[in-house]
Every structure is written in C-alpha cells, then in structure tokens.
Amino acid sequence: MKAVFHNQYMCSRLGELHGGIALLGCPLDITSSFRNGSKFGPDSLRRASWTLETYSPYLDLDLDDIDFSDAGDLELPQGNLLGSLDLIEDAAASMVENGNRPFIFGGEHLVTYPVLKAVRGKFPLFQLVHFDAHCDLRDEYDGEKLSHATVMKRARDLGVSQMYQIGIRSGTRQEFADLSPVDSPAMLAERLDRKTPVYVSFDIDVFDPSLVPGVTTPEPGGLMFKEIMDYLRVLKGMDIIGADLVELAPDYDTTFVSSVCAAKVAREIIMLLHSGIK
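Cut-off values and rules
- Residues numbered from 1 in each chain as written.
- Predicted model: local features only at pLDDT ≥ 70, side-chain atom pairs only at ≥ 80, totals over all residues.
- Heavy atoms only, no water.
- Helix = DSSP H or I, 4+ residues; strand = E, 2+ residues; numbered from the N terminus.
- Contact = heavy atoms within 4.5 Å.
- Pairing = 2+ DSSP bridges.
- Axes fitted to C-alpha atoms, helices over the stretch in contact; angles between N-to-C directions.
- Parallel < 35°, antiparallel > 145°, perpendicular 65-115°, else oblique.
- Nonpolar A, V, L, I, M, F, W, Y, C, P; charged D, E, K, R; others polar.
- Buried < 20%, exposed > 50% of the residue type's maximum accessible area, 1.4 Å probe, protein only.
- Phe/Tyr/Trp six-rings, centres within 6.5 Å; stacked < 30°, edge-to-face > 60°.
- Expected span 1.5 Å × (residues − 1).
- Polar contact = N/O pair within 3.5 Å; in protein donor to acceptor, adjacent residues only side chain to side chain.

## A short note on the environment of Pro 102
Working step 1: Within the secondary structure layout, Pro 102 lies in strand β5 (residues 101–106).
Working step 2: Considered as a pair, Pro 102 and Gln 162 are 60 residues apart in the sequence and their alpha carbons are 20 Å apart.
Working step 3: Beyond its immediate chain neighbours, meaning those up to four positions away, Pro 102 contacts Ala 22, Met 95, Val 96, Val 119, Ile 241, Gly 242 and Ala 243.

So this is what it looks like as structure tokens:
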C-alpha cells in the first residue's frame with residue numbers, strides 16, 4: 001500500500017508549491033500546560049498514513065485524483081515562541097500568496113494563530129469551523145496572551161466573528177458564555193454561509209480519549225469517529241481556504257491508533273480542500 005502523505009510528495013522549498021494543496025508540519029510545542037509531545041505529531045501522522053487507502057467512502061473522493069504536496073516540517077527554534085510564530089506566519093503567507101491552500105500539521109494549537117494571520121491577508125472575511133474539546137477563549141493563560149488556551153480568543157481579536165465550535169466540553173464559565181457552539185451536523189449546515197470561505201481548525205482532542213488518548217490534554221465525553229465524519233460531510237464543496245490539525249501527542253498512545261485516526265482525518269480534510277476548488 002502506498003503512503004497517503006509521505007516524503008515521496010515532499011518539495012524542498014515552499015516556493016516550489018503553486019496553486020494546489022500544500023501540507024506543512026509546524027512542530028511548535030512550547031505553551032502546552034498539561035503535557036508536551038505535540039512536536040512529534042507531524043512525523044507520526046505521516047507514518048500512520050501508510051495504513052490508509054487513498055479512497056474515502058465518506059466523501060466518495062480519492063487522493064489519487066487530487067493535486068497536493070508535502071513541504072515537510074518547518075524548522076522552528078524550540079523555546080523561542082515569538083520567533084517560531086513569525087516563521088509559521090511567513091511560511092503560511094508564502095503558501096497563500098502562491099495560490100496554495102495551506103494544511104498545517106501541529107504541534108500545539110497556537111500554530112493556528114499565525115496561520116490565520118497569513119490567510120486573513122488574502123481573505124479578510126472567512127468563517128472558522130473549530131473542532132476541539134476546549135473553548136480556547138481565555139484572554140490569557142498563566143499570564144500569557146499567546147497560548148494554546150487563548151488561540152480562539154486571539155482569532156476573534158483578528159476579526160474572525162463567524163465561528164462554529166464543535167465538540168467543546170471544557171472551559172471556564174466566561175468561556176462558555178462566549179462560546180459559539182454547534183451541536184449537530186444539521187445545525188452546522190443551517191448556520192454556515194456557503195458563499196463565504198471557510199478555515200477549519202481541528203484539535204484532535206475533540207475525539208473521546210477512549211478512541212484517541214494520544215493528545216496533550218485528554219478530556220472525557222468526546223466525539224467518536226462517525227460523528228466527526230458526519231460533520232465533515234457538511235463541508236464538502238465549500239470554499240475551504242486553509243486548515244490545520246493539531247495537538248496529536250503520539251507518545252501517549254502505544255497502540256498508534258491516535259496517529260491513525262489523525263491521519264484519516266487529515267485525508268478527509270485534504271479532500272475537503274480539493275472539493276471546493278473551482
């Protein structure tokens with residue numbers, strides 16, 4: 001079986017990617033508050049892709065029919081948060097400027113913030129579909145404005161007002177007061193504006209930890225795989241301008257199932273990115 005995403009697709013420089021779907025690993029792992037390890041997510045996700053077929057029965061699409069490239073992992077100065085965020089933003093901006101749809105493999109959830117800044121430079125108005133166990137709407141966490149726990153608040157500060165949050169089950173009272181919850185695929189379909197572009201941020205801890213324990217902050221009461229696929233089907237055919245998949249921490253799951261689930265979600269998101277290209 002051939003790899004779904006692996007080094008055989010890799011381009012040596014981001015500038016070589018033009019007009020397709022561009023994958024990029026961003027192993028940022030600095031602000032995690034419970035346990036670290038998300039920097040190993042991109043590599044484990046790629047290795048897990050060897051287990052997958054290229055065809056998706058959920059979306060009736062095949063990766064063999066899709067133009068996408070893997071730019072490998074961005075080299076980040078671990079320990080230098082602001083420098084890392086600048087590098088991620090510059091890389092994502094280069095991808096967008098070249099007409100690509102970026103798909104970022106994290107890393108912790110804070111990687112979403114610089115990617116949104118880059119996407120917003122070309123698309124000032126877009127909707128954000130946020131899969132997660134946690135609200136991520138704190139203004140600061142442990143005295144820091146830039147944290148995996150504040151990333152959706154920082155997105156709102158950028159002007160992203162159309163937000164749909166799925167699977168949320170943990171946060172402060174204030175965060176839940178500020179939440180934009182979506183409780184079913186039907187509700188997501190009803191609320192989405194199909195004429196406005198979409199960005200998808202997928203925190204893998206949206207899954208129940210009985211299925212996906214390999215995350216930095218596991219939270220009981222999560223969604224199962226079929227439920228996630230039902231939500232993703234709603235997004236088929238929409239103009240999805242970018243996406244990320246974050247918080248996979250593979251070392252906490254010796255079964256490797258967490259990485260396989262992450263890789264399968266990544267396969268579906270690549271197909272969703274393709275389905276909206278006119």
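Structure's up, so let's keep going.
## Things to note about the sheet that holds strand β7 (residues 163–166)
Working step 1: With parallel pairing, eight strands are arranged side by side in an open sheet as β4-β1-β5-β10-β9-β6-β7-β8. Each edge of the open sheet carries a strand with a single partner, namely β4 (68–73) and β8 (181–182).
Working step 2: Strand direction decides the pairing type here: strand β9 (residues 198–203) and strand β10 (residues 240–246), joined by six bridges, are parallel. If you follow Asp 203 over to β10, its bridge partner there is Val 246.

## A word on the packing of helix α1 (residues 41–48) against helix α8 (residues 257–275)
Working step 1: At their nearest, the axes of α1 and α8 sit 8 Å apart, and the two run at 80 degrees to each other. With respect to α8, the axis of α1 lies roughly perpendicular. Mapping the contact onto sequence places Ser 44, Leu 45 and Ala 48 in α1 and Ser 259, Val 260, Ala 262, Ala 263 and Ala 266 in α8.
Working step 2: Its residues assigned to classes, the contact of α1 with α8 comprises six nonpolar, two polar and no charged.

## Some thoughts on helix α7 (residues 225–234)
Working step 1: Among all positions in α7, only Phe 225, Ile 228, Met 229, Tyr 231, Leu 232 and Val 234 are buried.
Working step 2: For α7, the secondary structure elements touched by its buried residues are β6 (127–131), β7, β8, α6 (185–191), β9 and α8.

## Here's the deal with the pairing of strand β1 (residues 21–26)
Working step 1: When you tally the buried positions in β1, you get six out of six residues, the bulk of the element.
Working step 2: Taking every second residue as pointing to the same face, both faces of β1 are buried, with Ile 21, Leu 23 and Gly 25 on one and Ala 22, Leu 24 and Cys 26 on the other.
Working step 3: Sheet analysis places β1 next to β4, joined by four bridges and oriented parallel. The residue bridging Leu 23 from the neighbouring strand is Asp 70, located in β4.
Working step 4: Note: β1 against β5, six bridges, orientation parallel. Paired with Cys 26 across the two strands is Gly 106, which belongs to β5.

## Quick word on the environment of Val 260
Working step 1: In this structure, Val 260 sits in helix α8.
Working step 2: When the C-alpha atoms of Val 260 and Leu 248 are compared, they prove to be 11 Å apart, with twelve residues separating the residues in sequence.
Working step 3: Non-local contacts of Val 260, meaning those with residues more than four positions away in its chain, are made with Ala 48 and Thr 51.

## Observations regarding the packing of aromatic side chains
Working step 1: Applying the stated criterion across every chain, the model contains six aromatic pairs.
Working step 2: Between Phe 131 and Tyr 231 the ring centres are 6.1 Å apart and the planes differ by 85 degrees, which places this aromatic pair in the edge-to-face class. Note that Phe 131 is positioned in strand β6 and Tyr 231 in helix α7, a separation of 100 residues in sequence. The same class applies to Phe 131 and to Tyr 231, which are both buried.
Working step 3: Taken together through their ring pairs, the aromatic side chains of Tyr 58, Phe 131, Phe 202, Phe 207, Phe 225 and Tyr 231 make up a single cluster.

## A few points about helix α2 (residues 81–97)
Working step 1: In a regular helix each residue adds 1.5 Å, so 17 residues correspond to 24 Å; α2 covers 24 Å between its end C-alpha atoms and thus fits that length.
Working step 2: Among all positions of α2, only Leu 81, Ser 84, Leu 85, Ile 88, Ala 91, Ala 92, Ala 93, Met 95 and Val 96 are buried.
Working step 3: Contact partners of the buried residues in α2: β1, β5 and α3 (112–120).
Working step 4: Near the N-terminus of α2, the side chain that reaches the backbone nitrogen of Gly 83, with its oxygen 2.9 Å away, is that of Asn 80.
Working step 5: Just downstream of α2 lies Gly 99, where phi reads positive at about 85 degrees.

## Things to note about the side chain of Thr 31
Working step 1: Position of Thr 31 relative to the elements: it lies in the loop between β1 and α1.
Working step 2: At a separation of 2.5 Å, a polar atom in the side chain of Thr 31 contacts the side chain of Glu 108.
Working step 3: Among the polar contacts listed, one links the side chain of Thr 31 to the backbone nitrogen of His 148, at a separation of 3.0 Å.
Working step 4: Apart from residues lying up to four places away in sequence, Thr 31 is in contact with Leu 81, Glu 108, Leu 110, Leu 146, Ser 147 and His 148.

## Focus: unusual backbone geometry
Working step 1: With omega at 15 degrees, the peptide bond leading from Gly 106 into Gly 107 counts as cis.
Working step 2: Among the secondary structure elements, Gly 107 is positioned in the loop between β5 and α3.
Working step 3: Phi at Asp 60 takes a positive value of approximately 55 degrees, unusual for a residue other than glycine.
Working step 4: Position of Asp 60 among the secondary structure elements: in the loop between β2 (55–56) and β3 (61–62).

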